[in-house]
Amino acid sequence: MININNLRFAWQKEPIISIDALSIEQGQHLFIEGPSGSGKSTLLNLLGGVITPQSGDVEILGQSLNQMSSSQKDSFRANHIGFIFQQFNLIPYLSVLENITLPCTFSPDRKQKALSHSGSLQKEAIRLLSALGINDTKLIQRSVNELSVGQQQRVAAARAMLGSPDIIIADEPTSALDNDHRQAFIKILFEECEKENITLIFVSHDATLKHHFSHHMNLQELNQVSNKEAL
Amino acid sequence: MAILSLAFKSLLNRKLTFFITLFSIAISVTLLLGVQTLKTETNSSFMKSISGTDLIIGSRGASSQLLLSSVFHIGNTPNTIKYSTYKKISQSPAVEWAVPISMGDSHKGYTVMATDLTFYDYFSFANKQHLSVERGAIDDDMFAVVIGSEVAEKLNYKIGDQVIVTHGGGEIEGHHHDNIPFYISAILAPSFTAIDQTLIISLEAMEAMHTDNHGHFGALPGEQILPSDNHQDHDAHQHHDEIAHEEHADHDAHQHHDEVDHEKHADHDAHQHHDEVAHEEHAEHSHQDTQDQRIARLLKIKPEKINAIFIGLTSPQAILGMQSYVNNYQAEPLSAIIPAVALQELWQFFSLAEVALNIVTAFVVLVGLLGMLSIILMSLNERRREMAILRSVGARPSHIFGLIIGEAGFVCFAGILLGVALLYLLLFTLQAPLASYYGFYLEINMLTSNDLFILAIIQLSALIIAFIPGWLIYKYSLSDGMSIKF
Ligand SMILES: Nc1ncnc2c1ncn2[C@@H]1O[C@H](COP(=O)(O)OP(=O)(O)OP(=O)(O)O)[C@@H](O)[C@H]1O
Ligand SMILES: [Mg+2]
């Protein structure tokens, strides 16, 4: 469902990404590793259509990002992709509920899907949070600043999963968590993705998580830029 | 819409900077509108000084001088208009009414204006409003004085109080016409014109004071000085000795001697007339007439010369014709001014100050907006993360741009609302003190279309100024992508 062809990207003329071919299947759980600065986050930006490659193409769900206008890419991203970042995923001045439902303000599709699940956005948010192990329903009205880091990560995961996007992209989502929480977080994330048949692309430095995933990818090996540099 | 509510919440998250910006804009808006209001109000109160009078006639000279002296009671014009000229002009077919005005005396610094009773019928100000009496009643007695509201208030005068008029405008120098005391018959309601600071007497009384170079009427031959005169607890007393009486033996009054003798009976009529007036103080005073007053009553001399004539015409079309008729009047040099035009001309003198004030307030508003700009610019760096998050959930760069513009627009709009609220608060609190201490009636109106236009310009400039941070954050969000860097 995701196909990459001859993708080339450079930040200010300095090549970062050069991938000839990569394909990711629907429902696949892909683990991407690579040293810092190898271009993992840049690749995710390319997949999300936030930055445009100098050449080559990314095709998602049969649609070529190159063929889309930038606003089409933005709404495509809103409709089909959920993101989780390492830390500071949440907007500090919005409540937990507002943070979780944020994608719905940009994607009517995901709003529809979320509503079809639970009838209201609030109920869906509560459902996702309890699936992620947060059962305190009063918490959703609180400010996100009052949450622990682990809770914040799970709120971010709930946001990424709300309205069942086709793809969840996680960029080092667990690096702020201790080992126990990290394992629990991964487990819950997997369960949800399996249930909704969501494709998961997971970037991490943490090799201990690798064995959970069916597919692995080392960006440094795949990426010809870093290979050339290594040579 | 969603973006505007985000902008709003983001603002509330930064309350302190938000309120500082809000107040700096609000205060600059208040200042700007306040200056505008003050400008229009001073202008309108200036323009309201006289209305319904088609022409003011004075001796030939600068029109502004005539306006200042006749309407604002500032400065003096020579009283050279012959009373006969007044009579003649008032009989012109185009003239509906003509009111003679004579000035030159004062009372404790307030102008004393002599006119006749038609003044109250015809003089109007603001929107053709006539003078109204607050206490007492306007009286045709020769020595009745009608005082303006400020005179009554500042000098603490009541109906029936005695007033001595001084020659000349000064408060100290000048001759006291204390042989002819006036009593207060009416106190006028505030008009917020120069009339509030004026005492109005009859032309005959003015003439009585001035006859024979401020001398005093002698006793009429055969008349006894009434004991009551001597018992009067009055400054005038010392002037009523025999020397004064003899000095004035060949007084002008003697020319009228015969007539006066005949009119001795008329004296009674006059008194009867006064008794009829249902005015107790009045009646009381008429019994305390001084010698000079009794004589003056008998003589009832109209003045020979007056300062100005207020004229109402039968039709507005007649104004120009009448003006040139007066300006080319053969018998004596006269000039006629159209009050509305002369007021406008005089107002032009202030236009430079007006421009300066406008420039200063424009800069104050600019400073308020620049403050807002710098506060938004400072917030940008800490908000790059916020923008990256928004990008990741599907916000477009244009949304990010809109967030900043919306924020600036909201701050400015709230600032304008607060500023307008502050303005009205200020106007309502200042209205009473301004009226009572400065005699300046501040009329509180809705915002004019000009004010609204200025506010729209401010709002628009805020939005335009916000293009700078908006464009910066747009560029950041493009180059940062979804990468959260800190
Ligand atoms: N906005 C940007 N402008 C210019 N260069 C950038 C930008 N973002 C990243 N780069 C460069 O691209 C390269 C790859 O960065 P990227 O963030 O993709 O690395 P990464 O693999 O995600 O690293 P990490 O594991 O530390 O997150 C780096 O050398 C970085 O300097
Ligand atoms: Mg990274």
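Conventions we followed
- Residues numbered from 1 in each chain as written.
- Chains lettered and ligands numbered in written order.
- Predicted model: local features only at pLDDT ≥ 70, side-chain atom pairs only at ≥ 80, totals over all residues.
- Heavy atoms only, no water.
- Helix = DSSP H or I, 4+ residues; strand = E, 2+ residues; numbered from the N terminus.
- Buried < 20%, exposed > 50% of the residue type's maximum accessible area, 1.4 Å probe, protein only.
- Contact = heavy atoms within 4.5 Å.
- Areas by Shrake-Rupley, 256 points an atom, 1.4 Å probe, with all protein chains shown as cover.
- Polar contact = N/O pair within 3.5 Å; in protein donor to acceptor, adjacent residues only side chain to side chain.
- Axes fitted to C-alpha atoms, helices over the stretch in contact; angles between N-to-C directions.
- Parallel < 35°, antiparallel > 145°, perpendicular 65-115°, else oblique.
- Left-handed = near helix turned anticlockwise from the far one by under 90°.
- Near = heavy atom within 4 Å.
- Nonpolar A, V, L, I, M, F, W, Y, C, P; charged D, E, K, R; others polar.
- Pairing = 2+ DSSP bridges.
- Buried area = accessible area lost by both parts, 1.4 Å probe.
- Salt bridge = Lys/Arg side-chain N within 4 Å of Asp/Glu carboxyl O.
- Core = buried A, V, L, I, M, F, W, Y, C linked by side-chain atoms within 4.5 Å.
- Phe/Tyr/Trp six-rings, centres within 6.5 Å; stacked < 30°, edge-to-face > 60°.
- Lys NZ or Arg CZ within 6 Å of the ring centre and 35° of its normal.
- pLDDT = per-residue confidence, 0-100.

Q: Where do I start with the overall build of chain B in this structure?
A: A count of helices and strands for chain B gives 19 helices and 15 strands. For chain B, with 486 residues in total, the buried portion stands at 50%. Relative to all contacts within chain B whose residues are 6 or more apart in sequence, the contacts with residues 24 or more apart total 80%. For chain B, the exposed surface amounts to about 22,800 Å²; the carbon and sulfur share of it is 61%.

Q: Would you take a moment to explain the side chain of Asp 206 of chain A for this structure?
A: Residues and elements named next belong to chain A. Within the element layout of this structure, Asp 206 appears in the loop between β8 (199-203) and β9 (215-218). Here the side chain of Asp 206 touches Thr 208 through a polar contact of 2.5 Å, side chain to side chain. The residues contacting Asp 206, other than those within four sequence positions of it, are Phe 31 and Arg 182.

Q: Looking at this structure, I do not really get the packing of helix α1 (residues 2-13) of chain B against helix α17 (residues 397-438) of chain B. What am I missing?
A: Two packed helices can be described by the angle between their axes and the distance between those axes. All names here are of chain B. Here α1 crosses α17 at 60 degrees, and the two axes come no closer than 8 Å. Here α1 is positioned oblique relative to α17, judged by the angle of their axes. Both α1 and α17 take part in a crossing whose hand is right-handed. When α1 is examined against α17, the residues Ile 3, Leu 4, Leu 6, Ala 7, Phe 8, Ser 10 and Leu 11 are found in contact with a partner set consisting of His 399, Gly 402, Leu 403, Gly 406, Glu 407, Phe 410 and Val 411.

Q: Got a minute to help me understand the site of ligand 1 in this structure?
A: Near ligand 1, the surroundings consist of 15 residues, among which Ser 36, Lys 40, Ser 41 and Thr 42 of chain A together with Ser 479 of chain B are the closest. Neighbouring residues of ligand 1 are distributed over chains A and B. One of the side-chain nitrogen or oxygen atoms of Trp 11 of chain A is found 3.2 Å away from a nitrogen atom of ligand 1. Between ligand 1 and Thr 42 of chain A there is a distance of 2.5 Å, counted from an oxygen atom to a side-chain nitrogen or oxygen. Notes on ligand 1: free accessible area 620 Å², of which the protein chains cover 70%. With three residues, helix α1 (residues 40-47) of chain A is the largest single contributor of residues to the shell around ligand 1. Each residue belonging to the shell around ligand 1 can be placed in one class, and the counts come to three nonpolar, nine polar and three charged.

Q: What should I look at first to understand the sheet that holds strand β7 (residues 167-171) of chain A in this one?
A: The strands making up a sheet associate through backbone hydrogen bonding, with each pair oriented either parallel or antiparallel. All names here are of chain A. The strand order across the open sheet formed by five strands is β6-β7-β8-β3-β9, and the pairing between neighbours is parallel. Of all strands in the sheet, those bounded by a partner on one side alone are β6 (81-84) and β9. In this sheet, neighbouring strand axes are inclined to one another by 15 degrees on average, regardless of whether the strands run parallel or antiparallel. With four bridges connecting them, strand β3 (residues 29-33) and β9 associate as parallel partners. Across the sheet, Leu 30 pairs through a bridge with His 215, a residue of β9. Against the sheet, helix α7 (residues 149-161) contacts β6 and β7, and its axis sits at roughly 170 degrees relative to β6.

Q: Is there a simple way to think about the interface of chain A and chain B in this case?
A: Interface size is commonly expressed as the accessible area that is lost once the parts come together. Contact residues are listed per partner, giving 26 residues for chain A and 26 residues for chain B. Here chain A and chain B share an interface that buries about 2,200 Å² over both sides, 66% of which is from carbon and sulfur atoms. Linking chain A to chain B there are two salt bridges. Close ionic contact of Lys 9 of chain B with Glu 98 of chain A constitutes a salt bridge, the shortest N to O distance being 2.7 Å. The set of elements that each furnish at least two residues to the side of chain A that touches chain B consists of α1, α2 (70-80) and α4 (102-106) of chain A.

Q: Honestly, the nonpolar core in this entry has me stumped. Any pointers?
A: One broad rule of soluble globular proteins: the nonpolar side chains tend to lie buried together. Judged by nonpolar contacts, the single largest core of 50 residues is most densely connected at Leu 6, Leu 369, Met 372, Leu 390 and Ile 458 of chain B. Listing elements by their share of this core, those giving two or more residues are α4 of chain A together with α1, α2 (15-47), α15 (351-380), α16 (384-392), α17 and α18 (449-465) of chain B. Look past the residues within four positions of Met 372 of chain B in its chain and what remains in contact with it is Thr 21, Ile 25, Ala 408, Val 411 and Ala 462 of chain B.

Q: Any chance you could explain the sheet that holds strand β5 (residues 63-64) of chain A here in plain terms?
A: All names here are of chain A. Pairing is antiparallel across the open sheet formed by four strands, whose spatial order is β2-β1-β4-β5. In this open sheet, the two edge strands, each paired with only one partner strand, are β2 (14-24) and β5. Taken strand by strand, α1 contacts β1 (2-11), β2 and β4 (55-60), and its axis lies near 120 degrees from that of β1.

Q: Got a minute to help me understand the pairing of strand β3 (residues 95-107) of chain B in this structure?
A: Taken residue by residue, a regular strand's side chains alternate between the two faces of the sheet. All names here are of chain B. Of all the 13 residues making up β3, 11 are buried; the element is thus mostly covered by neighbouring parts of the structure. Note that β3 and strand β4 (residues 110-115) share five bridges and pair antiparallel. Counterpart to Met 103 in the pairing with β4 is Met 113. Following β3, the chain reverses through two residues before pairing antiparallel with β4; Lys 108 in that reversal takes a positive phi of roughly 50 degrees. Note that β3 and strand β10 (residues 166-167) share two bridges and pair antiparallel.

Q: Where do I start with the packing of aromatic side chains in this structure?
A: Where two aromatic rings form a pair, the distance of their centres and the angle of their planes describe that pair. If you walk through the whole model with that rule in mind, you get 20 aromatic pairs over all chains. With a centroid separation of 5.1 Å and an interplanar angle of 85 degrees, the aromatic rings of Phe 9 of chain A and Trp 11 of chain A are classed as edge-to-face. For Phe 9 of chain A, a relative accessible area of 5% puts it in the buried group. For Trp 11 of chain A, a relative accessible area of 25% corresponds to the partly exposed category. Members of the aromatic cluster, joined through ring pairs, are Phe 31, Phe 190, Phe 202 and Phe 213 of chain A. Over the ring of Tyr 476 of chain B we find Arg 384 of chain B, and its NZ or CZ is 3.9 Å from the ring centre.

Q: Help me understand the confidence of the model for chain B, please; the structure alone is not making it clear to me.
A: Low-pLDDT stretches of the model should not have their predicted coordinates read in fine detail. All names here are of chain B. Here chain B averages 79 in pLDDT, and 81% of its residues register 70 or above. Of all the helices and strands in chain B, helix α9 (residues 242-247) carries the lowest mean pLDDT, 42, while α18 carries the highest, 92. Prediction confidence for the complex, expressed as pTM and ipTM, is 0.70 and 0.86 respectively.

Q: Even after reading the chapter, I still don't get the pattern of salt bridges, so can you show me in this structure?
A: Side chains that differ in sign of charge can pair as their charged atoms come close. Residues and elements named next belong to chain B. Applying the stated criterion across every chain yields a total of 16 salt bridges over all chains. In this structure, Glu 407 and Arg 14 form a salt bridge, with 2.9 Å as the shortest nitrogen-oxygen distance. One end of the pair, Glu 407, is in helix α17; the other, Arg 14, is in the loop between α1 and α2, and 393 residues separate them in sequence.

Q: Help me understand the environment of Ala 2 of chain B, please; the structure alone is not making it clear to me.
A: Within the element layout of this structure, Ala 2 of chain B appears in helix α1. Counting along the chain gives 465 residues from Ala 2 of chain B to Phe 467 of chain B, while the straight-line C-alpha distance between them is 20 Å.

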